[in-house]
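Structure at a glance
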Amino acid sequence: EQLKAIGFETTDSKTNFIFAKHPQIPGDRIYAKLREKGILVRHFDTQLLTDFNRITVGSRQQMEILIGAIRSILEESL
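Residues numbered from 1 in each chain as written. Predicted model: local features only at pLDDT ≥ 70, side-chain atom pairs only at ≥ 80, totals over all residues. Heavy atoms only, no water.

Our focus in this paragraph is the pattern of salt bridges. Scanning the entire structure with this criterion turns up 2 salt bridges. In this structure, the salt-bridge partner of Glu76 is Lys37, at a minimum N-O distance of 3.8 Å. Of this pair, Glu76 sits in helix α3 (residues 60-77) while Lys37 sits in the loop between α2 (27-36) and β3 (42-43), and the two are 39 residues apart along the sequence. Residue Lys37 is classed as partly exposed on the basis of its relative accessible area of 39%. (Salt bridge = Lys/Arg side-chain N within 4 Å of Asp/Glu carboxyl O. Helix = DSSP H or I, 4+ residues; strand = E, 2+ residues; numbered from the N terminus. Buried < 20%, exposed > 50% of the residue type's maximum accessible area, 1.4 Å probe, protein only.)

The following block contains the structure:
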């Protein structure tokens, strides 16, 4: 819900992860910026998934840290 609130598109998921993409920032760039901040997600460089990052759902604290980092990346990039 928080990702959608800040402009991300997500796939429906019945697992412990989601695929998320932002319409204005490429997936590989978000991946690299998160990695710089010590947050690991998965990025697949395939035609179908290149804009998406796979985010494993963690604890509430981990998700708050992730959302904070993504907000920071958006502020830097947009």
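More follows now that the structure is in view.
Turning our eyes to something else, we now look at the side chain of His22. As for its placement among the helices and strands, His22 is situated in the loop between β2 (17-21) and α2. Taking the relative accessible area as the measure of exposure, His22 reaches 7% and is therefore buried. Of note is the side chain of His22, whose polar atom sits 3.1 Å from the backbone nitrogen of Gln24. Excluding its chain neighbours within four sequence positions, the residues that come into contact with His22 are Ile6, Gly7, Phe8, Ile30, Leu74 and Leu78. (Polar contact = N/O pair within 3.5 Å; in protein donor to acceptor, adjacent residues only side chain to side chain. Contact = heavy atoms within 4.5 Å.)

Counting residues in each nonpolar core, the largest one holds 16 residues, and the members touching the most others are Leu3, Phe8, Leu34, Ile55, Leu66, Ile70 and Leu74. At the level of secondary structure, the elements contributing two or more residues to this core comprise α2 and α3. The biggest single contributor to this core is α3, with 6 residues. With near-sequence residues (within four places) excluded, Leu74 lies in contact with Ile6, Phe8, His22 and Ile25. (Core = buried A, V, L, I, M, F, W, Y, C linked by side-chain atoms within 4.5 Å.)

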